[in-house]
Amino acid sequence: MMLAAVLPAIAQQQLKVIGFMTDFDVKDDAVGICKAVMDGVAPGVRIIDITHQSEPYDIAMGARFLAGSAPYFPKDAVFVVVIDPGVGSKRKAIIAHSKTGQFFVLPDNGVLTLVQERDGIAEAREITNPHWMIGSGISSTFHGRDIFSPAAAHLARGDDWTQAGPALDVSKLVRLDIKEAALDAAGLHGEVIGTDGPYGNLVLNVPKEIFGQLGYRLGDSVPVGLGDRSFTFPFVKMFSDVPVGKGLFYIDSRGRLSIGLNQRNFARTYKVGKGAQLTIPRKH
């Protein structure tokens, strides 16, 4: 009895963890179906949901979430990412192997861009082998179920990934043109690249290192042009450093400059969101 109980545990430990991210939402059965397909190929596989509420069709947001979460997964983890506005088209379904050892099963549409820039991609293959898919009846609209999920499960159970399909030139993988803030003599020019979950804080394309070159320090008041409006907010460490309802600049948990309101929704309050341009002058 003891041996019988130990064997399944050993088998499960040998499976690689799967990180799963989509823009499917959770209102229908799509996420559950994909998980069932993965478990059918690799029984007992551990699947960690990154999010299924990435904005529909927003490849850049998916790239940001993928790069943000990957470092917290095992070095041999498998990621399934289905943000795929080109599903059914000539875009390739691929597996990429990063230089850190992780696998990424996703459409070749740029969602891998930030991982590739930071970690590097050692090898990539197009998924063409029908044995790595759900079967012969491949849908033109649900490759998450039919291609990406089974391929990820094959990887998770340790199958030879070179059998998935032909090798690709990693230098020719689709890349997004993701812009970072720029500095000139006048100051910093950037933009809002998203909002922080339900809280409405503005996520900016401003790494803390670039902001630091403007000369501001904690406690300083920082003027900013945001869209067609002007504000001045204190640069502080945490939300509680300002009164409830007041604005602030802060460095978020991913090392980017952000703007928020303490216990309020900045984006909703000021009707500003993704794509808004911002300028911050150098400190005098």
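Here the structure is a predicted model, which is why all the values come from computation and not from measurement.

Each value, and the rule that gives it
Residues numbered from 1 in each chain as written. Predicted model: local features only at pLDDT ≥ 70, side-chain atom pairs only at ≥ 80, totals over all residues. Heavy atoms only, no water. Helix = DSSP H or I, 4+ residues; strand = E, 2+ residues; numbered from the N terminus. Contact = heavy atoms within 4.5 Å. Areas by Shrake-Rupley, 256 points an atom, 1.4 Å probe, with all protein chains shown as cover. Lys, Arg positive; Asp, Glu negative; His and termini not counted. Charge placed at Lys NZ, Arg CZ, Asp CG, Glu CD. Salt bridge = Lys/Arg side-chain N within 4 Å of Asp/Glu carboxyl O. Buried < 20%, exposed > 50% of the residue type's maximum accessible area, 1.4 Å probe, protein only. Axes fitted to C-alpha atoms, helices over the stretch in contact; angles between N-to-C directions. Left-handed = near helix turned anticlockwise from the far one by under 90°. Nonpolar A, V, L, I, M, F, W, Y, C, P; charged D, E, K, R; others polar. Pairing = 2+ DSSP bridges.

Caption draft 1: Here's a closer look at the overall build of the protein chain. Looking only at helices and strands, the protein chain has seven helices and 14 strands in total. Along the first, second and third principal axes, the C-alpha set of the protein chain runs to 65 × 45 × 35 Å. Residue pairs at least 24 apart in sequence account for 66% of intrachain contacts in the protein chain once pairs closer than 6 positions are excluded. Entry remark: accessible area of the protein chain is about 14200 Å², with carbon and sulfur atoms responsible for 54%. Positive and negative side-chain charges in the protein chain, numbering 30 and 29 respectively, have mean positions lying 5 Å apart.

Caption draft 2: Broad picture of the pattern of salt bridges. In this structure the tally under the stated criterion is ten salt bridges. For the salt bridge of Arg-145 with Asp-146, the shortest nitrogen-to-oxygen distance reads 2.4 Å. Exposure remark for Asp-146: the relative accessible area of 0% places this residue in the buried category.

Caption draft 3: How the structure looks around the packing of helix H2 (residues 30-41) against helix H5 (residues 143-156). Where H2 contacts H5, the axes come no closer than 8 Å and their chain directions differ by 40 degrees. The handedness of the crossing between H2 and H5 is right-handed. Along the contact surface, H2 presents Ile-33, Cys-34, Val-37, Met-38 and Val-41, while H5 presents Gly-144, Arg-145, Ser-149, Pro-150, Ala-153 and His-154. Residue classes in the contact of H2 with H5 are distributed as seven nonpolar, three polar and one charged.

Caption draft 4: Quick look at the sheet that holds strand S3 (residues 78-82). The six strands lie next to each other as S2-S1-S3-S5-S4-S6, forming an open sheet whose pairing is mixed. A strand with exactly one partner marks an edge of an open sheet, and here the two such strands are strand S2 (47-51) and strand S6 (121-126). With strand direction ignored, the average angle separating the axes of adjacent strands in the sheet is 20 degrees. When strand S1 (residues 18-22) meets S2, the two strands line up parallel, connected through four bridges. Within the sheet, the bridge partner assigned to Met-21 lies in S2 and is Thr-51. Taken strand by strand, helix H3 (residues 59-69) contacts S1, S2, S3 and strand S5 (103-107), and its axis lies near 160 degrees from that of S1. Contacting S1, S3, strand S4 (93-98) and S5, H5 crosses the sheet at an angle of about 175 degrees to S3.

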